[in-house]
Amino acid sequence: MTLSERDKKHLWHPLTQHKINPDHLAIASAKGAVFTDEKGKDYVDGIASWYTSMYGHCNPYITARMKDQLERLDHVIFSGLTHEPAVKLSELLVEILPEGQEKLFFSDNGSTSVEVAIKMSLQYHFNRGEHRNTIVAFDNGFHGDTFGAMSVSGLSVYNGPFEDFFLRVERIPVPDGRNNEAVIDRFKAFLSSGKVASFIFEPLVQGAAGMKMYDAAPLEQLMEIASAHGVLNIADEVMTGFGKTGTLFASDQLRIKPDMICLSKALTAGMLPMAATSCTKEVYNAFLSDDLGKGFFHGHTYTANPLACAAAIAGIELLRSEDMQENISRIRSLHRDFEARISPSPLVKNTRRLGVIFAFELDIEMERYGNLRQKLYDHFMAHGAFLRPLGNTIYILAPYVTTNEQMEVLYSAIEAVLDKGGAL
Ligand SMILES: *Cc1c(COP(=O)(O)O)cnc(C)c1O
């Protein structure tokens, strides 16, 4: 029996309708920007395995540090105890995070980093004697799959069965240049109730919505208004963090700095599950009290796992290296050339770039082509390009270490779709 056949016996995969998609490709190994299936076929990981493995799979600089850590200290409880990897990681993160982020709360994944931020924002006001029970979020945002994170997510396809159990959330459209004033008015109207605890957003680009990009200026305006109303700004940088937008964090491109930032995905360079929620001293101070109950009673068993911390520290060192920064600019300029190359095609609509993110819409009526997404996916896989279209949006977010030749595998797989007039 092949691995793929054995997989079907007991496994239930994430985000999968098993009746329609029963098959899962078995991956045997990965190195740099490439993973290899059990039959020996290579694929360029064009989305860095959901934006995690940005410095390449099995990066020896990182695995050596993890091995070293593994022989020194595996895991201990993080209540009452602390350790060098966690302390060092906190120092590094505060050094590179946007101004004002002073305190770090570790958890396990993007959803929990959001969950923690939401709970902190609610308790922040509670501790100060204010009852604020509403969160404002953008339409079509994505913040994760646990209940709090799901509540603030505006992508509704998966949320149906759970909507009765959601937190109280008000939504505003993403400012697109034409609607800015209407969005701001709507935001102000919600805030005037005095019930809004926090405003959560994916800064500059909404990932799961299809790499939808928007301007810094109207977001800064919203953040300023939020601050004036005592509302905490939460930047969900789970996707955008660690260099993807061309700066270390997307919030670096904002004039107004958030009160809290959610991090995961590339935090551990794709090695282990880990997340962090950072906040300002002001947020943290609202939890300091002689009253035990004003503390933040939230925690996960594997908090600040030393191996994950070691991977994160090594990853951040790589990110800040000249080499990696050069890789980032190299990929940006490759994207620029590719955009010019495909823009004349009548099938290419709304090309957009931010840092190492490139996206466009395939101008094809989805309905007419039935399961276009599946056909595109199969076409890309046949070409050795691991790309996962979001609806008719095709995007690339490859590891920084992807070579020019490997980038060309992704580009030419996309061009082949255009050459065939989209008829796959
Ligand atoms: C992926 C993602 C999450 C959820 O992270 P998980 O680790 O999958 O729980 C939250 N917010 C954003 C912006 C994401 O891209």
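For the structure itself, look to the data block above.
Please read these numbers as outputs of a predicted model, since none were measured by experiment. (Residues numbered from 1 in each chain as written. Predicted model: local features only at pLDDT ≥ 70, side-chain atom pairs only at ≥ 80, totals over all residues. Heavy atoms only, no water.)

Asks: Give me the lowdown on the sheet that holds strand β16 (residues 393-396), citing residues and values where you can.
Replies: Pairing between sheet strands relies on hydrogen bonds along the backbone, with the strands arranged either parallel or antiparallel. What the 3 strands build is an open sheet, ordered β13-β14-β16; its pairing is antiparallel. The sheet is open, and its two borders are formed by β13 (348-354) and β16, each paired with just one other strand. Strand-to-strand twist across the sheet, computed as the mean angle between neighbouring axes with direction ignored, equals 15°. Here β13 runs beside strand β14 (residues 357-362); their pairing, made up of 5 bridges, is antiparallel. Bridge pairing links Val-348 to Leu-362 in β14. (Pairing = 2+ DSSP bridges. Helix = DSSP H or I, 4+ residues; strand = E, 2+ residues; numbered from the N terminus. Axes fitted to C-alpha atoms, helices over the stretch in contact; angles between N-to-C directions.)

Asks: Describe the packing of aromatic side chains, and please don't skip the residues or the numbers.
Replies: Using the criterion set out here, one finds 16 aromatic pairs in the structure. Seen in terms of ring centroids, Tyr-55 and Tyr-400 are 6.0 Å apart; in terms of plane orientation they differ by 55°. Their pairing is tilted. One end of the pair, Tyr-55, is in the loop between α2 (48-51) and α3 (60-72); the other, Tyr-400, is in the loop between β16 and α13 (404-419), and 345 residues separate them in sequence. Since its relative accessible area comes to 0%, Tyr-400 is described here as buried. Both rings, one in Phe-138 and one in Tyr-214, keep their centres 5.5 Å apart while their planes meet at 75°; by these two values the pair is edge-to-face. Taken together, the residues Phe-138 in strand β5 (residues 134-138) and Tyr-214 in the loop between β9 (212-213) and α8 (216-228) connect sequence positions 76 residues apart. Comparing Phe-138 with Tyr-214 shows no difference in burial state: the two are buried. Each residue in the set Phe-138, Phe-187, Phe-199, Phe-201 and Tyr-214 is aromatic and connected to the rest through ring pairs, giving one cluster. (Phe/Tyr/Trp six-rings, centres within 6.5 Å; stacked < 30°, edge-to-face > 60°. Buried < 20%, exposed > 50% of the residue type's maximum accessible area, 1.4 Å probe, protein only.)

Asks: Please provide a residue-by-residue account of the layout of surface pockets, values included.
Replies: Looking at the second largest pocket, its volume works out to about 840 Å³. Surrounding the second largest pocket, 26 residues form its lining, Phe-78, Leu-104, Phe-105, Phe-106 and Tyr-284 being those nearest its centre. Of all elements in the fold, only α4 (84-96) and β4 (103-107) reach the threshold of two or more residues within the lining of the second largest pocket. A breakdown of the residues in the lining of the second largest pocket according to their chemical character gives 15 nonpolar, 9 polar and 2 charged. (1 Å grid on protein atoms, 1.4 Å probe; cavity = no way out; pocket = protein on both sides within 12 Å on 5 of 7 lines; lining within 4 Å. Points joined across faces, edges and corners; volume = space filled by probe spheres on them. Nonpolar A, V, L, I, M, F, W, Y, C, P; charged D, E, K, R; others polar.)

Asks: Mind laying out unusual backbone geometry, listing which residues take part and the relevant values?
Replies: Unusually for a residue other than glycine, Tyr-51 sits at a positive phi of about 65°. Relative to the helices and strands, Tyr-51 resides in helix α2. Of note, Met-211 is a non-glycine position whose phi angle comes to about 50°, a positive value. Topologically, Met-211 is positioned in the loop between β8 (205-206) and β9.

Asks: Before we move on, can you summarise empty space enclosed by the protein with the specific residues and values?
Replies: Throughout the structure, instances matching the rule amount to 1 cavity of 30 Å³ or more. Estimated volume of the largest cavity: approximately 40 Å³. Forming the walls of the largest cavity are Phe-142, Gly-144, Asp-145, Met-150, Ser-153, Leu-155, Tyr-158 and Asn-159. Across the lining of the largest cavity, the residue classes break down as 4 nonpolar, 3 polar and 1 charged.

Asks: Got a sec to walk through the environment of Arg-72? Specific residues and values, please.
Replies: In this structure, Arg-72 sits in helix α3. In this structure Arg-72 comes out as exposed when scored by relative accessible area, which is 60%. The spacing of Arg-72 and Pro-306 is 234 residues in sequence and 9.5 Å in space, taken between C-alpha atoms. Within the structure, Arg-72 has its side chain in polar contact with the side chain of Asp-68 (distance 2.8 Å). (Polar contact = N/O pair within 3.5 Å; in protein donor to acceptor, adjacent residues only side chain to side chain.)

Asks: I'd love a proper account of the environment of Ile-172, names of residues and values included.
Replies: Tracing the sequence through the fold places Ile-172 in strand β6 (residues 169-172). Leave out the neighbours within four places in its chain, and Ile-172 touches Val-136, Ala-137, Phe-138, Asp-139, Val-183, Arg-186, Phe-187, Phe-190, Phe-199 and Leu-222. (Contact = heavy atoms within 4.5 Å.)

Asks: Provide a residue-level description of the pattern of salt bridges, including the pertinent values.
Replies: Here the structure, examined in full by the defined rule, presents 14 salt bridges. Residue Arg-65 is joined to Glu-317 by a salt bridge in which the shortest nitrogen-to-oxygen separation is 2.8 Å. Placement of the pair is Arg-65 in helix α3 and Glu-317 in helix α10 (residues 306-320), with a sequence separation of 252 residues. Its relative accessible area of 28% is what places Arg-65 among the partly exposed residues. Residue class for Glu-317 comes out partly exposed when judged on its relative accessible area of 28%. Between Glu-220 and Arg-255 there is a salt bridge whose closest N-O contact spans 3.6 Å. In this pair, Glu-220 is assigned in helix α8 and Arg-255 in the loop between β10 (232-236) and β11 (260-263), connecting sequence segments 35 residues apart. (Salt bridge = Lys/Arg side-chain N within 4 Å of Asp/Glu carboxyl O.)

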